[in-house]
Structure formats: structure tokens, C-alpha cells
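Spelled out, the chains give:
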Amino acid sequence: MSLLLFSVTILVLGPAVGVSGSIQDTPLPGSWELLLKNAGIASMHTAITHFNTAIFLDRTLVGPSQIALPKGHECRINPLEHDCTARSVMFDLGSNTVRPLDILTDTWCSSGQFFANGTMVQTGGDSNGFSKIRTLAPCPASGDCDWVESTIETLTDGRWYSTNQLLPEGSRQIVVGGRGVFTYEFVPKRFPGEGAFPLQLLVETNDGENDNYYPFVHLLPNGNLFIFANRDSILLDYTTGKVVQQFPTIPGEPRNYPLSGSSVLLPLSFADGYSTASVLICGGGQAGAFDNPNGFNLPASQTCGRLEVTTTTTRGAGSSKSEPQWLMETMPFRRVMGDMVLLPTGDVLLINGAQSGTAGWGKASNPALNPVRYQTFLHPAANRFQVLAPSTIPRVYHSTANLRPDGRILVAGSNTHQYDTFTGVFPTELRVEAFSPQYLSERYDFRRPQITAAPARITYGKDFAVTFSAPSRKDPFELHMASAPYTTHAYSQGQRLLILQVSDPVPVQQAGADAAGASRFTVTVTAPPNANVAPPQYYMLFPMQAGTPGNAVWIQMV
């Protein structure tokens, strides 16, 4: 059973709002396209596979969805429900259609990430899904791959609102935190009988409204984990359980669910040997807003904090640098529940969310319809933000945004209600959109590169060749490698982008121009040095010319 293509492109013109609030007489950059009117579910969790499909996942135990399970699929029949509709679908990026998937236990506010072989590992949830471990091995859009729920392995501690991070071995993830759970554990276990491990940071940040759900977790190039909860953060050597470093408290509001800000690990670059890592955290809500009856009207945070988090000595020996400090920046407007997406350019897109309130059912107002571009490499900091063209569809609680291989942003979900509700303020949202940043404008097509040949797999530290075509050559030519994260609740788990070392392009003399009149060139590329820098998994390899990206090809880091 499929729901069919529906595509409308909206180009928004009009005055742009500057960082200072002034009005500029220029069109707002970017455009929106409605891809599908009804995906059958509102996607609470989204991840894009290396087969150019997207896993959409909602939750069970809330009644029927808008898409039935095909004949022969297993209905959810248990003491809690009797339901033969799908609460997960596979979205085909090429045809904008969906295929229903089986999910048998409650995945509400759960977590996940891809393994090195491309398999999605999904953990926890509520009720009968609290301790579950599920997998989905993706397949081409024409296939019938589906969820498998483990009958032999469970989480040591049941987890709801936790975070997963793929580890350097590629076949194991760490799962951190959750509601009332102040521990971390490994999936799969490192040895038989292994349990969970206490994390004091989660105890210390557990305030009266639990502002430490979905902690932000980033694997750093030195092999340690940066873990942020509420307003505090540490560097954890997960192999020993030792806290290597404690960072200063971020100024301003709490940043984790339910006062949901977002976080990204900023691009890692060959230019410094991938040795320097910085984290950017934006948005959040006012302390106490979740429990305040008027909390939905309280203004969200308007700040971002940027912190260099890399130690310069070996794991566990501490840092030879002076204590890093948060660099605070002011967004053009307030945002809570906003998603942060690393763009192929290395910039960060802030999208979705609200300008007032918190996460939760009916706890937000004043939707943030305009995406904002954070220009990572631009200095001074006061000029880094650019307001972009707005959507007409509010995307607040339980919405998602993911980078596609064509450089667009896949936007789905939004449900501020316990059950699917299609009336009133912020109805359950089944429409699927794509946002096109300004780099996809036709005016840049004259320099847009396209990869014509690249290996399917690359090995750490080894050189490999890439051939690309372009209507004209413009420097610099770059290759950027972007992961495919698991996105839920304003945070993309496992998101990272690497700027690779690339030689000067050399014309391919014998082939000449291709059928479109574009010339071809070859470059020698050096793969990232180790699995701390780039955990083994599938990545989107984007070609870049003078800041303009072409379509990515999937490449597996092994």
C-alpha cells in the first residue's frame, strides 16, 4: 500500500528581517516544496538510509493511524491495544511515496542510530517498549525490509528520552540517560552480564522539571564523549568511566528536553588534522516553563553557545589548554524545539520549533516558521545569522528535519497532542516538505559539480580518487562527508560533517566534455585518519565548488 506523490514548490519573496530586526528590501533566500500531503503518520523520529529512503517512526498505543498495514502484516494485539494500522513507514526520496512498516511495541520518545553496516538500531520507548531493542536493515525502495524486535536482548535499564552515539568500532552504540535513569550502557554489551554504569552528571542536572532528557552526546576526535545535560557538560572517557574534564556552565536557560534546545558538533577539518572540535548549542526555554500553567506563552531562549571542547593530550590525561569558555551569540529570534542540521557547506540550519513555550502537549505557541542559517566560518560572530524563507506549516513538538543527498532538507512530523488530532491549534501534521537552501538556486548551476566516479568504500588514512564534472571550474573544490543521523525531539543523534583533504583538480583529457557540455576532472582524496574522527558507517559525500554543493553519493567508511 502506498500513498502517492504530491509536489508543490513555494518560492517566498518579500522583505528579509535582519539580525538587528531591521527590514531589508531583498527576497528571503530559500524555497519550500510540499512532497506528500499524507504520509499516514506524523514522524516523531526520522533517519535517511543509504538507499535514499527515510525511516519515519511515530509511536504505538494511541489508536489507528492514517495508513493500514497490508494483508499478512502482524497487527498489534495485546492488552493495551488492537490495531492493524502502521505507526512507521518507509518514505522513498525519489517517488515521494510511503510503504507501511511493522512496529509492535511503543517507540514513544525513543532513540537510535545506524551501525557501520547501515542497520538502524533503535532503543527504548514507553510502556511495552521501555526496554526494547529493535533493528531495521534498510533495503532499496522496492524491497520489503522491516523492523525486527529482539527477543533475546534488552536494555539493562529501560530508557525513555535517551540518546545514542555510534562508537568507533561501528558495531556498538552507547545509550545515555532517559527519564529517571542516570546511567549509560552499551548495545550490544561488551561482555556477557555487563550492566549499566552511573553518570553523576545526570544526577546533578536533574532539576524539578527534569531538564536533562535527551542529553547531547558527541564523539570527539580524541575518542572521548562530550555529554551535555541541562546547562552543564563533561568529557567522558567511556572506556574507563572516568570524567576527563568538566566544562563551564552555559549562560542562560536550560537547553535539554523539555526546554528543548539543540546541539551540533561543528565540522571537523583536515586543515588541523581533525584535532579541533567545537560544539554549538542553540535555543531552549525558560526555567520552570514546563510546569507553569502559562508556560506556553513564556519567551524561548534567543541565544546560542559555542564551545571548543577538544583536549590536546591523550585520552584521560587532561587538557593542556586553559579552560575553554562559551562564546554566546544572539539569534535573530527566539527558538525552542528547533532542529539543527549541518548543511553540505558546513553551515548550520536552524529550523522548526516555536518562539514561546516548551516541548510537551499543548505547551508551545508562536511557531518559528523561518529557518535561520548559522554561517559557521564567518567572523565576526555578530554577522553569522541569516533569516531564510518561511514555511506555511508550523512544525513544533515531535517534528524532524534531516539532510538529504540532494542538499535539500526533509521536514516531517509535528504533533502536540497525545493522540492524532486534526482540528484546533497545531493539528497533527501528516504533510512532508523539503526546504531548499539558497545554494540550490539555479543561478549557481554554472559551477555546480557532480560526482561521476567514486569508490563505494574508503579506508582510514588511505588515498582514493574521485572524478567530477562541472559546467565551469571555480576554486576552491572541496569534498565534504556528512553522516545520516537519527533525528528526534530537536536533536540529531550522531550528526557530523568532515572536510576532507583534496588535491587540485586535474582535467580528464581523454574523456573531454560530457553530454551536458560539462568538463570532467579528477582529484586525489585522503580519507579521515581513524574511527574517532569518522566512525565507520555510510556517509553522504558532497562535492563543493566555490561554496556550491552538488548531489552527494553514498560512501562507506570502513
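What comes next is a walk through the structure. Quick caveat, the model's predicted, so the values are computed rather than measured.

Conventions and cut-offs
Residues numbered from 1 in each chain as written. Predicted model: local features only at pLDDT ≥ 70, side-chain atom pairs only at ≥ 80, totals over all residues. Heavy atoms only, no water. Salt bridge = Lys/Arg side-chain N within 4 Å of Asp/Glu carboxyl O. Helix = DSSP H or I, 4+ residues; strand = E, 2+ residues; numbered from the N terminus. Buried < 20%, exposed > 50% of the residue type's maximum accessible area, 1.4 Å probe, protein only. Phe/Tyr/Trp six-rings, centres within 6.5 Å; stacked < 30°, edge-to-face > 60°. Lys NZ or Arg CZ within 6 Å of the ring centre and 35° of its normal. Contact = heavy atoms within 4.5 Å. Disulfide = S-S within 2.5 Å. Pairing = 2+ DSSP bridges. Core = buried A, V, L, I, M, F, W, Y, C linked by side-chain atoms within 4.5 Å. Axes fitted to C-alpha atoms, helices over the stretch in contact; angles between N-to-C directions.

Scanning the entire structure with this criterion turns up 21 salt bridges. Across the pair Asp420 and Arg87 runs a salt bridge whose closest N-O atoms are separated by 3.2 Å. In this pair, Asp420 sits in the loop between strand S35 (409-413) and strand S36 (432-436) while Arg87 sits in the loop between strand S8 (81-83) and strand S9 (88-92), placing the two residues 333 residues apart along the sequence. A salt bridge links Arg190 to Glu194; the shortest N-O distance between them is 2.7 Å. A relative accessible area of 33% places Arg190 in the partly exposed class. Here the salt bridges share partners, and the residues they tie into one network are Glu33, Arg404, Asp406 and Arg408.

Here the focus is the packing of aromatic side chains. In the structure shown here, the tally under the stated rule is 21 aromatic pairs. Ring geometry for Trp108 and Trp361: centres 5.5 Å apart, planes at 10°, overall stacked. Placement of Trp108 in the loop between strand S10 (97-101) and strand S11 (111-114) and of Trp361 in the loop between strand S30 (354-357) and strand S31 (364-367) is noted, with a sequence separation of 253 residues between them. A residue is classified by how much of its surface remains accessible, and Trp361, at 38% relative accessible area, is partly exposed. Seen in terms of ring centroids, Tyr184 and Phe197 are 5.6 Å apart; in terms of plane orientation they differ by 25°. Their pairing is stacked. Within this pair, whereas Tyr184 is found in strand S17 (residues 183-187), its partner Phe197 is found in strand S18 (residues 197-198), the two being separated by 13 residues in sequence. Taking relative accessible area as the criterion, Phe197 reaches 24% and is therefore assigned partly exposed. Counting every residue linked through ring pairs, the aromatic cluster contains Trp108, Trp160, Tyr161, Tyr213, Tyr214, Tyr257, Trp361 and Tyr397. Just above the ring of Phe290 sits the side chain of Lys363; from NZ or CZ to the centre is 4.6 Å. Directly above the ring of Phe521 sits Arg473, whose terminal nitrogen or CZ lies 5.8 Å from the centroid.

The next subject is the environment of Gly461. By secondary structure assignment, the location of Gly461 is in the loop between strand S38 (457-458) and strand S39 (463-470). For the pair formed by Gly461 and Asn530, sequence separation is 69 residues and the distance between their alpha carbons is 7.1 Å. Apart from the residues within four sequence positions on either side, Gly461 is in contact with Thr526, Ala527, Pro528 and Pro529.

Glancing now at the state of the cysteines. Within this structure, the stated rule accounts for three disulfides. Through a disulfide, Cys75 is tied to Cys84; the S-S separation comes to 2.0 Å. Residues Cys75 and Cys84 are joined by a disulfide whose S-S torsion is about 110°; by sign, that bridge is right-handed. Given the relative accessible area of 33%, Cys84 is considered partly exposed. Across a sulfur-sulfur distance of 2.1 Å, Cys139 and Cys145 are joined as a disulfide pair. In this structure the cystine formed by Cys139 and Cys145 twists about its S-S bond by roughly -75°; its chirality is therefore left-handed. Cys139 sits in the buried class, given a relative accessible area of 13%. The connectivity of the disulfide-linked cysteines in the chain, indexed sequentially, is 1-2, 3-4, 5-6.

Let us now look at the pairing of strand S21 (residues 232-237). With five of its six residues buried, S21 lies for the most part within the structure. Relative to S21, strand S20 (residues 225-229) runs antiparallel, the two sharing five bridges. Considered in S21, the bridge of Phe228 is made with Ser233. Following S20, the chain reverses through two residues before pairing antiparallel with S21; Asn230 in that reversal takes a positive phi of roughly 70°. Taken together, the four bridges between S21 and strand S22 (residues 242-246) define a ladder with antiparallel strand orientation. Opposite Leu236, over in S22, you have Val243 as the bridge partner. Taking the residues between adjacent antiparallel strands as the criterion, S21 and S22 are bridged by four residues, where Gly241 takes a positive phi near 80°.

We now examine the nonpolar core. Residues Phe56 and Phe91 are the most contacted members of the largest nonpolar core, which totals 70 residues. Setting aside chain neighbours within four positions, we find Phe91 in contact with Leu35, Leu36, Thr53, Ala54, Phe56, Asn96, Thr97, Val98, Arg404, Leu410 and Val432. Of all hydrophobic cores here, the second largest spans 41 residues; its members include Phe216, Val466, Ala534 and Tyr539.

Turning to the sheet that holds strand S33 (residues 385-387), a few remarks are in order. Spatial strand order, S28-S29-S32-S33: four strands in an open sheet with antiparallel pairing. The open sheet terminates on both sides in strands that have one partner only, identified here as strand S28 (339-342) and S33. The sheet shows a mean angle of 25° between the axes of neighbouring strands, direction not considered. Alignment of strand S29 (residues 348-351) against strand S32 (residues 372-374), held across three bridges, turns out to be antiparallel. Pairing of Leu349 across the sheet is with Arg373, part of S32.

Another aspect to go through is unusual backbone geometry. Residue Pro188 is bonded to the preceding Val187 through a cis peptide linkage, with omega at -5°. You can see Pro188 is positioned in the loop between S17 and S18. A cis amide bond links Asp475 with the next residue in sequence, Pro476, at an omega value of -5°. Here Pro476 shows up in the loop between S39 and strand S40 (477-483). The backbone of Met337 shows a phi angle near 65°, a positive value even though the residue is not glycine. Within the fold, Met337 resides in the loop between strand S27 (327-330) and S28.

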